[in-house]
Amino acid sequence: MVGLQAIKYQRGNLQVLDQLRLPHEFVYDDVFTCEEAFDCIKAMRVRGAPAIAIVAALALAVELEQKKDGASNSQELVKYINSKLDYLMGSRPTAVDLSNAIKLLKSRTQNAASNSTSDEAASCANVRTVFIEVAEKILEDDYTTNLAIGRYGAEYLRRQQRAIVTPVDAEAELRYYTTSPPGTQGLPDRTYRKLSVLTHCNTGSLATSGHGTALGIIRSLHKMNYLDHAYCTETRPYNQGSRLTAFELVYEEIPSTLITDSMAGALFHRKKEEMNISAVIVGADRVARNGDTANKIGTYQLAVLAKAHGIKFVVAAPTTSIDLETESGDSIKIEDRAKNELTQITGAVVGKDGKVDVNHTERVAIADQRINVWNPSFDVTPHDLIDAIITEKGEVVRSSKGTFEFKPIMPERW
Ligand code: MRU
């Protein structure tokens, strides 16, 4: 795995990049205990649905690796593991990845304990090993999952592009078909316009084990040379867009522009044709059974705007973000965050020479501190505003029986 890493892990050792210090400082904190992981997640030093689940799982894996004398038998150890996992579950409530990871870890350790022998020390060691291996697999799987989402998402968007061939391209297409041998599948992609996209919040390497989901699709589009330009929103109030996504886009040298959340409508209105803005791509914290999707506050209004401007609205999410037990978005618990996330901001001092002084960061008030504040961290986008949900298994489609199925998106011959 190369590039930016929010999470660094080797057995017995976990380090988490403090995202509250980005983009000015690059500092990793050691996480040795579940309590440290809980604080790290709650304070949003690490955030993003997959990263939260990974850090919680690995923190307990590190504890179990380092502290081997806690329980006298495997059932006692399972009890201890479950209580730690229940505690971690309370860190942030909206993203389902954490609860899915916890369910998996609980069932796999319980199975291991059920197969215990009379050698209690060996049984405890086995339960520990099973837990650690499952936690490590969650980390590994997330990365391969993201690469698949990136590839599927890029193919999906390129295919949409085909449907909106510009007049210039339409002429080229006609020329191509009339001069190509019979059976030619399509126009070489170089004659199509590259596409531009908008993304919200941060769904990149910083929110996952690497590559990212929605931002992973943008990375893949860029790598495949299909991307013209990526726009990212500031993502008020906690600025995951300006602090983190802008940083990732610059780091990866992807052509990109930062806008405030309130500029999206104007961007779509003024630049849709000029910049060929084809899609809004966002991540998900929880996709309900009917496709309603909880994601960072501000996602819903982007979906409404996209619909009004005929722009595709695409959700990129691993299957671990799908919650089949929640019927619709109405039942998703939305986390409310602290007032000061709206009324204050942390910034680094900029010198007269325009240089950022990384050693001098300050928390400053940007509103009357007495004002009442409503600060929901997420909103729910109804499924009828979503054009596609792209997972590592392909596009989510509804079967005739009303259940989810996954349709792989194979690269077309062009
Ligand atoms: O509050 P955050 O920063 O954890 O919110 C993150 C998001 O809403 C992301 O879009 C979502 O978790 C998907 S991350 C791949």
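Residue indices follow the written sequence of each chain, beginning from 1 at its first position. Local features in this predicted model are restricted to residues whose pLDDT is 70 or higher, and side-chain atom pairs enter the listing and the counts only when it is 80 or higher, whereas totals over whole chains, interfaces and linings include all residues.

- As named in an unreviewed UniProt entry, the protein is Methylthioribose-1-phosphate isomerase, taken from Glarea lozoyensis.
- UniProt positions are given in the numbering used here, feature names are shortened, and annotations may be inferred rather than shown by experiment. Under the UniProt heading Function (unreviewed entry), the entry covering the protein gives this text: "Catalyzes the interconversion of methylthioribose-1-phosphate (MTR-1-P) into methylthioribulose-1-phosphate (MTRu-1-P)."
- As recorded by UniProt, the Catalytic activity (unreviewed entry) comment attached to the protein reads in full: "5-(methylsulfanyl)-alpha-D-ribose 1-phosphate = 5-(methylsulfanyl)-D-ribulose 1-phosphate".

**Regarding the overall build of the protein**
Line of reasoning, step 1. Check the secondary structure of the protein and you find 11 helices and 17 strands.
Line of reasoning, step 2. Counting only C-alpha atoms, the protein reaches 80 × 60 × 40 Å along its principal axes.
Line of reasoning, step 3. Every C-beta atom is placed from the backbone, and the number of other C-beta atoms within 10 Å of a residue's own sets its class: buried at 20 or more, exposed at 12 or fewer, partly exposed in between. Expressed as a percentage of the 414 residues in the protein, the buried residues total 43%.
Line of reasoning, step 4. Within the protein, contacts between residues at least 6 apart in sequence are counted, and of these 75% link residues at least 24 apart. Secondary structure elements follow DSSP: runs of H or I of four or more residues count as helices, runs of E of two or more count as strands, with numbering from the N terminus. Residue pairs are scored as contacts if the distance between their C-beta atoms, which are placed from the backbone, is within 7 Å.

**Looking at the UniProt feature "active site" (unreviewed entry) in the protein**
Line of reasoning, step 1. According to UniProt, the positions carrying the feature "active site" (unreviewed entry) are Asp285.
Line of reasoning, step 2. Inspection of the secondary structure puts Asp285 in the loop between β7 (277-282) and β8 (286-288).
Line of reasoning, step 3. The exposure class assigned to Asp285 is buried, which follows from the 30 C-beta atoms found within 10 Å.
Line of reasoning, step 4. Apart from residues no more than four positions distant in its own chain, Asp285 is found in contact with Ala49, Thr94, Ala95, Ala294, Asn295, Ser321 and Phe378.

**Notes on the site of the ligand**
Line of reasoning, step 1. Proximity of a residue to a molecule or strand is defined by its backbone-placed C-beta atom lying within 6 Å of that partner. Around the ligand sit 17 residues in total, of which Arg47, Ala49, Ala207, Gly283 and Lys296 are the nearest.
Line of reasoning, step 2. Here the nonpolar group is Ala, Val, Leu, Ile, Met, Phe, Trp, Tyr, Cys and Pro; Asp, Glu, Lys and Arg are the charged ones; every other residue, Gly included, is treated as polar. Residues belonging to the shell around the ligand are distributed by class as follows: six nonpolar, eight polar and three charged.

**Comments concerning the environment of Arg270**
Line of reasoning, step 1. Position of Arg270 relative to the elements: it lies in helix α9 (residues 264-275).
Line of reasoning, step 2. We classify Arg270 as exposed; it has 12 C-beta atoms within 10 Å.
Line of reasoning, step 3. When the C-alpha positions of Arg270 and Asp119 are compared, they lie 71 Å apart, and in sequence the two are 151 residues distant.

**With respect to the nonpolar core**
Line of reasoning, step 1. Any nonpolar core is a set of buried residues, restricted to Ala, Val, Leu, Ile, Met, Phe, Trp, Tyr and Cys, that join up through C-beta atoms within 7 Å. Formed by 101 residues in total, the largest nonpolar core has its most connected members in Ile52, Val55, Ala56, Ala57, Leu58, Val280 and Ile281.
Line of reasoning, step 2. Ranked by the residues each element gives to this core, the list is headed by helix α2 (residues 49-66), at 14 residues.
Line of reasoning, step 3. Non-local contacts of Leu58, meaning those with residues more than four positions away in its chain, are made with Tyr9, Leu14, Ala135 and Leu139.

**A few points about the sheet that holds strand β15 (residues 388-391)**
Line of reasoning, step 1. Overall, mixed pairing links the eight strands, which are arranged β6-β5-β4-β7-β10-β15-β16-β17 in an open sheet. The outermost strands of the open sheet, each flanked by one partner alone, are β6 (256-259) and β17 (404-407). The average undirected angle you get between the axes of adjacent strands in this sheet is 30 degrees.
Line of reasoning, step 2. Fitted lines through C-alpha atoms give the axes, limited to the stretch in contact for helices. The angle between two N-to-C directions lies from 0 to 180 degrees. Strands β4 (195-199), β5 (227-233) and β6 of the sheet are contacted by helix α8 (residues 240-251), whose axis makes an angle of about 160 degrees with β5. For two strands to count as paired, DSSP must find a minimum of two bridges between them.

**Digging into α8**
Line of reasoning, step 1. A helix's residues, less one, multiplied by 1.5 Å, set its expected span. Over its 12 residues, α8 runs 15 Å from end to end, which matches the ideal 16 Å to within 8%, given 1.5 Å per residue.
Line of reasoning, step 2. For α8, the set of buried residues is Gln240, Gly241, Arg243, Leu244, Thr245, Ala246, Phe247, Glu248 and Leu249.
Line of reasoning, step 3. Next to the buried residues of α8 lie β4, α7 (214-223), β5, β6 and β9 (293-296).
Line of reasoning, step 4. Among the residues trailing α8, Glu253 stands out with phi positive, at a value near 55 degrees.

**Description of the pairing of β5**
Line of reasoning, step 1. Counting buried positions along β5 yields five of seven residues, so the element is predominantly enclosed.
Line of reasoning, step 2. Where β4 and β5 come together, five bridges link them in parallel fashion. By the bridge assignment for β5, Thr199 is matched with Cys232.
Line of reasoning, step 3. Regarding the hand of the β-α-β motif, the stretch spanning β4, α7 and β5 is right-handed.
Line of reasoning, step 4. Bridge analysis of β5 against β6 gives four bridges, and the strand direction is parallel. By the bridge assignment for β6, Ala230 is matched with Ser256. Here the term right-handed applies to a crossover when the path leading from its first strand over the helix to its second strand runs clockwise, the strands being oriented away from the viewer.

**Considering the confidence of the model for the protein**
Line of reasoning, step 1. pLDDT gives the predictor's per-residue confidence on a scale running from 0 to 100. Confidence along the protein averages 92 in pLDDT terms, with 93% of residues attaining 70 or more.
Line of reasoning, step 2. Across the interfaces of the predicted complex, the ipTM metric reaches 0.99, alongside a pTM of 0.91.

**What to know about the UniProt feature "site: Transition state stabilizer" (unreviewed entry) in the protein**
Line of reasoning, step 1. Mapped onto the present numbering, the UniProt feature "site: Transition state stabilizer" (unreviewed entry) falls at Cys201.
Line of reasoning, step 2. Positionally, Cys201 belongs in the loop between β4 and α7.
Line of reasoning, step 3. Dropping the residues within four chain positions of it, Cys201 is found in contact with Thr235, Gln240, Gly241, Gly283 and Lys296.

**Overview of the environment of Ile217**
Line of reasoning, step 1. Relative to the helices and strands, Ile217 is located in helix α7.
Line of reasoning, step 2. A count of 32 C-beta atoms within 10 Å places Ile217 in the buried class.
Line of reasoning, step 3. If near-sequence neighbours (up to four positions away) are discounted, Ile217 is found in contact with Ile149, Gly150, Gly153, Ala154, Ile281 and Ala316.

**Considerations on helix α3 (residues 74-89)**
Line of reasoning, step 1. With 16 residues, α3 extends 22 Å between its outermost C-alpha atoms, agreeing within 8% with the 22 Å of an ideal straight helix rising 1.5 Å per residue.
Line of reasoning, step 2. Turning to α3, its buried residues number three or more, namely Ser74, Leu77, Val78, Ile81, Lys84, Leu85 and Leu88. Along the long axis of α3, the arc covered by the buried residues comes to 130 degrees, so they all point the same way. The exposed set on the far side of α3, more than 90 degrees from its buried face, consists of Ser83 and Asp86. Taken from the helix axis, the directions to the C-beta atoms give the arc we talk about.

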